[in-house]
Amino acid sequence: MAVNHLDKGRLNFGVGYSYLKEYREAGNAEESGVIAKIGFKVLEKKNTVVKFQSVASMPDSILGTYLFDWNGDTITGYEVIQPDELNSDAEPAPSETPKTETPTPDTSSAPVESSIPTVAPSNILAVTASPVVTTSPTIKPTETPALTGGSVKVEFEPEIDKATGAAKAVIDTEGLSKAIEEAEKSKDTKTVELNLKKVEDADTYIQELPGKFLLKNSDEYKLKVSTELGTIEIPANMLNNPNISKLIKDDSVVEFIIKEVKVGELSAELKEKIGNRPVIDISIVVDGKKVEWSNPSAKVKVSIPYKPDAKELENPEHIVVFYINDAGNAVSVPSGRYDASLGMVTFETNHFSLYAVSYVHKTFTDIGSYAWAKKQIEVLASKGVINGTSDTTFTPQADITRADFMILLVKALGLTADVTSNFADISEKDYYYEYVGIAKELGITTGVGDNKFNPKAKITRQDMMVLTTNALKIAGKISSPGTSADVDRFSDKTQIASYAVEGVATLVKEGIVVGSGDVINPRGNASRAELAAIIYKIYNK
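Criteria and cut-off values
Residues numbered from 1 in each chain as written. Predicted model: local features only at pLDDT ≥ 70, side-chain atom pairs only at ≥ 80, totals over all residues. Heavy atoms only, no water. Helix = DSSP H or I, 4+ residues; strand = E, 2+ residues; numbered from the N terminus. Buried < 20%, exposed > 50% of the residue type's maximum accessible area, 1.4 Å probe, protein only. Areas by Shrake-Rupley, 256 points an atom, 1.4 Å probe, with all protein chains shown as cover. Patch = residues over 30% accessible without salt bridge, like charges linked within 9 Å, V, L, I, M, F, W, Y side chains within 5 Å. Salt bridge = Lys/Arg side-chain N within 4 Å of Asp/Glu carboxyl O. Lys, Arg positive; Asp, Glu negative; His and termini not counted. Charge placed at Lys NZ, Arg CZ, Asp CG, Glu CD. Phe/Tyr/Trp six-rings, centres within 6.5 Å; stacked < 30°, edge-to-face > 60°. Lys NZ or Arg CZ within 6 Å of the ring centre and 35° of its normal. Contact = heavy atoms within 4.5 Å. Pairing = 2+ DSSP bridges. Axes fitted to C-alpha atoms, helices over the stretch in contact; angles between N-to-C directions. Parallel < 35°, antiparallel > 145°, perpendicular 65-115°, else oblique. Left-handed = near helix turned anticlockwise from the far one by under 90°. Nonpolar A, V, L, I, M, F, W, Y, C, P; charged D, E, K, R; others polar. pLDDT = per-residue confidence, 0-100.

## Regarding the overall build of the protein
Right, on to step 1. Each helix and strand counted, the protein has 11 helices and 22 strands in total.
Right, on to step 2. Relative to its full complement of 541 residues, the protein shows a buried share of 49%.
Right, on to step 3. Working note: accessible area of the protein is about 25700 Å², and carbon and sulfur atoms make up 47% of it.

Right, dumping it as structure tokens:
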């Protein structure tokens, strides 16, 4: 622990470097030597002292330190050597070798200019506390190595600003660079988790970081900001959008804010929809100014802790997510769902807003005789993926148009893109303009020829399967395509158009389409009930 009093001196926390990996690879036990060191930089020279001491927040530690073996298990029976006090008038210089005398606890609370060796688990990264912030995030060893499955975890203990109820943590360029460098050693998804520990009475959490790390051309890594109120997983290309990137300078700082919203602050209509379930406000601030972020090419995954009641647990698929738009209306977020393994409600978004957890069980009066599709229709309608033909009817037997099917497909898979063009027979005024445009932009459809899509035509089953296969490939949900062998069992396989064989075969192979006995009926039209059953499988794939 570094005791840091602003009235006696200020310290800038540096990065901890450990050598356990080299010892482990060498395969030889060491009886003595430096296991790790941590560097500090003094920001103000005022009789500063660095020391190790026990603290209540680290029970069972030895003078504020934990020592781990090669497997990450805590061990005891070691001594911590207190560092020398350096000349406060000299520039700080790291000490390579610790003193050898037995340490004696120092009860002084004054903070020194020094670099000190200490013990730390492999790959645990410290962070740099900004001198303009009232709290310095503290890094403590985790129970497992910092680098696991491509994820590096950096922990903060932010201090609350009691005037605002906000708890803030800061990571600088050096600290974040080193964390990303560690994460990139993995072949898996490269993620740096910035974990802000719970702060009593805080209703807002703020993570500040350098904006330049979010201007990449792809999601080559992700930053995961975790708080008690919720978690946001941010891709590296999040700010690579003309409206935002122009605001980011080399030294720009970005703040991600997650704030608890009291239900009492909402309108009566929203209170009725949401009840006492969680509501959070997610926003972004660039260099002190709030900005409206939206980027169709970079989706942020959001997770909100939630404990369903007994009724909700009977039908957890009806736990949904709303965002509150500028008009104060609740709008369905189709990707919202409850993940029992995490105890979280999760969803993806490409814009920030107020988000609320809710429970919706939508049904229709005309689906009782469609038992094989009733549940699927109700779940998709509750999540806003599919709509009825009125508030009370679904018309399950009706055929569906090409445009309406595209809406279902894009919503179910959460597909997004910048729509730069569309087909000649689609107007910007059409309710399906954006969805068909997304499909065209992503290469899901090339239309029917002559730059036309024929949106109002009824969709055939084989065209539905081709478009679905294309969309699943784009979404990364298909490992390998089907072949003609996968449709051999159907007596009407010769009716499948040559351009549709792979698409039909892929969905058969994936178990999404099973046919009716030995018939696949490729040229028939698909009913609303049939498509609801298929879209439900895609949604949960």
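## Structural notes on the environment of S516
Right, on to step 1. By the element assignment, S516 lies in the loop between α10 (501-509) and α11 (528-539).
Right, on to step 2. Since its relative accessible area comes to 56%, S516 is described here as exposed.
Right, on to step 3. For S516 and F490, which are 26 residues apart along the polypeptide, the C-alpha to C-alpha distance reads 9.2 Å.

## Digging into a negative patch on the surface
Right, on to step 1. Taken together, the side chains of E181, E184, D219 and E220 present a region of like negative charge at the surface.
Right, on to step 2. By the secondary structure assignment, E181 is in helix α2 (residues 173-183).

## Quick notes on the packing of aromatic side chains
Right, on to step 1. Enumeration according to the criterion identifies seven aromatic pairs in this entry.
Right, on to step 2. Measuring from ring centre to ring centre gives 4.8 Å for W293 and F352, while their planes differ by 45°; the resulting arrangement is tilted. Taken together, the residues W293 in the loop between β16 (289-291) and β17 (300-305) and F352 in the loop between β21 (344-349) and β22 (354-359) connect sequence positions 59 residues apart. One exposure class covers both W293 and F352, and it is buried.
Right, on to step 3. With a centroid separation of 4.9 Å and 75° between ring planes, the pair formed by Y431 and Y432 is classed as edge-to-face.
Right, on to step 4. On the basis of relative accessibility, which here comes to 5%, the residue Y432 falls in the buried class.
Right, on to step 5. One aromatic cluster is present, formed by Y323, F347 and Y355 through successive ring pairs.
Right, on to step 6. Looking at R402, its charged tip hangs above the ring of F453, at a distance of 4.4 Å from the centre.

## Comments concerning unusual backbone geometry
Right, on to step 1. Of note in this structure, D450 is not a glycine but carries a positive phi near 60°.
Right, on to step 2. With respect to the element layout, D450 can be found in the loop between α8 (433-442) and α9 (461-474).
Right, on to step 3. Classification of D450 by relative accessible area gives exposed; the value is 66%.
Right, on to step 4. One non-glycine residue, N521, lies in positive phi territory at about 50°.
Right, on to step 5. In this structure, N521 sits in the loop between α10 and α11.
Right, on to step 6. A relative accessible area of 36% means that N521 is categorised as partly exposed.

## Comments concerning the environment of I426
Right, on to step 1. By the element assignment, I426 lies in the loop between α7 (402-413) and α8.
Right, on to step 2. Between the C-alpha atom of I426 and that of G437, which follows or precedes it by 11 residues, the distance is 9.1 Å.
Right, on to step 3. Setting aside chain neighbours within four positions, we find I426 in contact with Y432, Y433, V436, F453 and P455.

## Some words on the pairing of strand β12 (residues 222-226)
Two faces, one strand: in a regular strand the side chains alternate between the faces of the sheet.
Right, on to step 1. Examined bridge by bridge, strand β10 (residues 191-196) and β12 share five bridges and lie parallel to one another. By the bridge assignment for β12, N195 is matched with S226.
Right, on to step 2. Bridge analysis of β12 against strand β13 (residues 231-235) gives five bridges, and the strand direction is antiparallel. Looking across to β13, one finds that L223 is bridged to I234.
Right, on to step 3. The hairpin formed by β12 and β13 contains four residues between the paired strands.

## Focus on the packing of α7 against α9
Right, on to step 1. Running from N to C, α7 and α9 cross one another at 25°; their axes reach a closest spacing of 11 Å. For the element pair α7 / α9, the angle class is roughly parallel. Of the two elements, α7 crosses α9, and the hand of that crossing is right-handed. In this structure, α7 uses R402, F405, M406, L409 and L413 to contact α9, whose residues at the interface are D463, M464, L467, T468, A471 and L472.
Right, on to step 2. Tallied by class, residues from the contact of α7 with α9 come to eight nonpolar, one polar and two charged.

## What about the pattern of salt bridges?
Right, on to step 1. In total, this model carries 18 salt bridges according to the counting rule given.
Right, on to step 2. Measuring nitrogen to oxygen at the nearest pair gives 3.0 Å for the salt bridge that ties K185 to E182.
Right, on to step 3. Here K185 falls in the partly exposed class, since its relative accessible area comes to 47%.
Right, on to step 4. Here K458 and D399 are joined by a salt bridge, their closest N and O atoms 3.4 Å apart. Residue K458 is found in the loop between α8 and α9, and its partner D399 is found in the loop between α6 (371-382) and α7; the two are separated by 59 residues along the sequence.
Right, on to step 5. The class of D399 is partly exposed, set by a relative accessible area of 32%.

## Overview of the confidence of the model for the protein
Right, on to step 1. For the protein, per-residue confidence averages 83 on the pLDDT scale, and residues scoring 70 or more make up 74% of the total.
Right, on to step 2. A low-confidence stretch, residues 86-145 (pLDDT under 50), is modelled with 180 contacts involving residues beyond four sequence positions or located in other chains.

## Some points on the side chain of T346
Right, on to step 1. Of note, T346 is situated in strand β21.
Right, on to step 2. A relative accessible area of 10% places T346 in the buried class.
Right, on to step 3. Here T346 is in contact with K301, V302, S303, S335, G336 and R337, once residues within four sequence places are set aside.

## Remarks on the packing of α9 against α10
Right, on to step 1. It is at 8 Å that the axes of α9 and α10 come closest, and there the two elements cross at 70°. Between α9 and α10, the angle is such that the two are roughly perpendicular. Here α9 contributes Q462, M465, V466, T468, T469, L472 and K473 to the contact with α10, which in turn contributes E502, G503, V504, T506 and L507.
Right, on to step 2. Of the residues belonging to the contact of α9 with α10, the class tally is five nonpolar, five polar and two charged.

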